[in-house]
Amino acid sequence: TWHLKKIPQIVSERTFSLDSPKFEAKTKLELNSVCGIECQRKLPVPSLSDLKDFLSYETVFENGTRTLTEVNVLGLVLDPAGNTTTRRSLRKKRQIYGTDSRFSIYDKRFMTNFPFNTAVKISTGCSGILISPKHVLTAAHCLHNGKDYVKGSKRLRVGLMKTKLRGDGRKRKGAKRSRREVSVDPEVATELRRRSKGGGRKQRRSGRKQETSDSKPSFQWTRVKSTHIPKGWFKGVSGDIALDYDYAVLELKRPHKRKYMELGISPTIKMMPGSMIHFSGFDNDRSGQLVYRFCSISDESNDLFYQYCDAEPGSTGSGVYLRLKEPNKKKWKRKIIAVYSGHQWVDVNGEQQDYNVAVRITPLKYAQICFWIHGNDENCTRG
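Cut-offs and rules
Residues numbered from 1 in each chain as written. Predicted model: local features only at pLDDT ≥ 70, side-chain atom pairs only at ≥ 80, totals over all residues. Heavy atoms only, no water. UniProt positions renumbered as here; feature names shortened; annotations may be inferred. Helix = DSSP H or I, 4+ residues; strand = E, 2+ residues; numbered from the N terminus. Areas by Shrake-Rupley, 256 points an atom, 1.4 Å probe, with all protein chains shown as cover. Phe/Tyr/Trp six-rings, centres within 6.5 Å; stacked < 30°, edge-to-face > 60°. Buried < 20%, exposed > 50% of the residue type's maximum accessible area, 1.4 Å probe, protein only. Lys NZ or Arg CZ within 6 Å of the ring centre and 35° of its normal. Disulfide = S-S within 2.5 Å. Salt bridge = Lys/Arg side-chain N within 4 Å of Asp/Glu carboxyl O. Core = buried A, V, L, I, M, F, W, Y, C linked by side-chain atoms within 4.5 Å. Polar contact = N/O pair within 3.5 Å; in protein donor to acceptor, adjacent residues only side chain to side chain. Contact = heavy atoms within 4.5 Å. Pairing = 2+ DSSP bridges. Expected span 1.5 Å × (residues − 1). pLDDT = per-residue confidence, 0-100.

If you check an unreviewed UniProt entry, the protein appears there as Inactive serine protease 35 from Geococcyx californianus. In the Subcellular location (unreviewed entry) part of its UniProt record, the protein is described as follows: "Secreted". The heading Sequence similarities (unreviewed entry) in the UniProt record of the protein holds the text "Belongs to the peptidase S1 family."

(A) The arrangement of the overall build of the protein in detail. Looking only at helices and strands, one finds nine helices and 19 strands in the protein. Accessible surface computed for the protein: about 18,100 Å², of which carbon and sulfur atoms make up 48%.

(B) Layout of the packing of aromatic side chains. Considering all chains together, one arrives at 10 aromatic pairs under this definition. Aromatic pair Tyr57 and Trp372: ring centres 5.4 Å apart, planes at 75°, arrangement edge-to-face. Of this pair, Tyr57 sits in strand E3 (residues 57–61) while Trp372 sits in helix H9 (residues 363–374); the two residues are 315 residues apart in sequence, bridging distant segments of the chain. Overall, the relative accessible area of 6% leaves Trp372 in the buried class. Judged by centre distance (6.5 Å) and plane angle (35°), the ring pair of Tyr245 and Tyr247 falls under tilted. Taking the relative accessible area as the measure of exposure, Tyr245 reaches 5% and is therefore buried. Overall, Tyr247 belongs to the buried group, its relative accessible area being 1%. Stacked on the ring of Trp332, the Lys or Arg Arg323 has its end atom at 4.0 Å from the ring centre. Cation over ring: Lys365 sits above Tyr245, and NZ or CZ is 5.6 Å from the ring centre.

(C) Summary view of the state of the cysteines. Considering all chains together, one arrives at one disulfide under this definition. Residue pairing for Cys126: its cysteine sulfur links by disulfide to Cys142, the two sulfurs lying 2.1 Å apart. Between Cys126 and Cys142 the disulfide shows an S-S torsion of about -95°. By sign, it is left-handed. Taken together, the residues Cys126 in the loop between strand E6 (119–122) and strand E7 (127–130) and Cys142 in the loop between strand E8 (135–138) and strand E9 (157–161) connect sequence positions 16 residues apart. Cys142 shares its class with Cys126; the two are buried.

(D) How the structure looks around the pattern of salt bridges. All chains considered together, the criterion is met by 10 salt bridges. Of the charged contacts, one joins Glu70 and Arg14 as a salt bridge, the two residues approaching to 2.9 Å between their closest N and O atoms. Taken as a pair, Glu70 in strand E4 (residues 66–74) and Arg14 in strand E1 (residues 9–18) lie far apart in primary sequence, 56 residues in all. The salt bridge involving Asp303 is made with Lys365; its shortest N-O contact spans 2.8 Å.

(E) Structural context of the nonpolar core. Core analysis: the largest hydrophobic core is formed by 70 residues, its most contacted members being Ile131, Leu137, Val158, Leu263 and Ile369. Take this core: its biggest share by element is eight residues, from H9. Listed in part, the 14 residues of the second largest apolar core include Met272, Ile297, Val320 and Ala358.

(F) Just the side chain of Arg293, in detail. Following the sequence through the fold, Arg293 ends up in strand E14 (residues 290–295). Accessibility expressed as a relative area gives 0% for Arg293, which makes it buried. There is a polar contact of 2.8 Å between the side chain of Arg293 and the side chain of Asp283. With sequence-adjacent residues up to four places away left out, Arg293 is seen in contact with Arg102, Ile277, His278, Phe279, Ser280, Gly281, Asp283, Cys309, Asp310, Ala311 and Ser315.

(G) Inspection of the pairing of strand E15 (residues 297–300) at higher detail. By the bridge criterion, three bridges tie E15 to strand E16 (residues 304–307) in an arrangement that is antiparallel. Bridging from a neighbouring strand, Glu300 pairs with Phe305 of E16. What sits between E15 and E16 in their antiparallel hairpin is a turn of three residues.

(H) A look at H9. The end-to-end C-alpha distance of H9, which contains 12 residues, comes to 16 Å, matching closely the 16 Å that a straight helix rising 1.5 Å per residue would cover. With 10 of its 12 residues buried, H9 lies for the most part within the structure. Among the residues making up H9, those that are buried are Leu364, Lys365, Tyr366, Ala367, Gln368, Ile369, Cys370, Phe371, Trp372 and Ile373. Of the residues flanking the end of H9, it is Gly375, one or two places downstream, whose phi is positive at about 80°.

(I) Focus on the side chain of Ser341. Tracing the chain through its elements places Ser341 in strand E18 (residues 332–348). Excluding residues that lie within four positions of it along the chain, Ser341 makes contacts with His141, Leu243, Asp246, Thr316, Val357, Ala358 and Val359.

(J) Structural view of unusual backbone geometry. One non-glycine residue with positive phi stands out, namely Phe23, at about 55°. Structurally, Phe23 can be placed in the loop between E1 and strand E2 (31–32). One non-glycine residue with positive phi stands out, namely Lys257, at about 60°. Looking at where Lys257 falls in the secondary structure, it is placed in the loop between strand E11 (248–252) and strand E12 (262–263).

(K) Spotlight on the confidence of the model for the protein. Of all residues in the protein, 70% attain a pLDDT of 70 or more, and the chain-wide mean is 76. In the model of the protein, helix H6 (residues 200–206) stands out as the element of lowest mean pLDDT, 35, in contrast to E8, which has the highest, 96. A low-confidence stretch, residues 85–94 (pLDDT under 50), is modelled with 28 contacts involving residues beyond four sequence positions or located in other chains. Confidence drops under pLDDT 50 across residues 195–214; counting only partners more than four residues distant or on other chains, this segment forms 30 contacts.

Structure below.
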């Protein structure tokens, strides 16, 4: 079951105008020399004053203007345990761990329907996920390198997968599907099997496979009205950029009119419904394809998940979600509980170790993101 938590309040106190950004930073989809597992254990527990500073945020608008909003945090109970993680053995340097367990979603009927159609492409080369009719959640480092905004963020766009092929308004039955395509989200796999019964032979004769199941997704690009990034990303709890705050919310200029993914509070590994995390994005090594994967969590700190889901650059910023079969209901419930930050190299005991890391949506981050979406905290009391 979902474990609901009482959410602290994020209250806006003051907003200042800042100089316009230079927009000269280069986009880096893979970060180096950041605070990793060993470093996280040594970090002090942030004070309330620290948290207010880290959760203050910059907003960049479409016309290039920029503001800083200072916030106050109400109703927060600090955790004295600090950033605890579980010790694990070292792993070899690689991004695909053993057999590549990613699935390319080819069929348009699944690409353009929930939950896969909540995945979006960011014009700086990352992925993101729809979290409201006008908002997208992604990673902060897709837009800012800790010192300046990246070049492409000045005219930022979000690509939503189109719902129809050009010149093809009809749904075609019986497209041939690979074994890898079927081994996806169980709910989707069941529907794939149902639709494929008796249709494969007819489809091979008609020669339409390339047109339906192997088509690359096309995008409808929408301008970004404003971008919110927490101040903790610029400053960092360890004096460097902090993965703890590697998240950002984009407000679209126009609403997208499609189903979006709900936010949830990230549970601990022991309390995680279904024990698996899932996310979809646009990996660079599979150009033009929507790539889906799932795996279990290996380690955790208060703000990060360490996992070995196979992923390549381009999927950075994807929304990591959980699935739960609700009692007496046939459909799955899904909630975003983290943002995929990417593949990281860090020093552990004098050796290089790699892992894929996701930024957990804690009660504080939930309150902040919810405040960015609604402009008040009335809709953000339970996560």
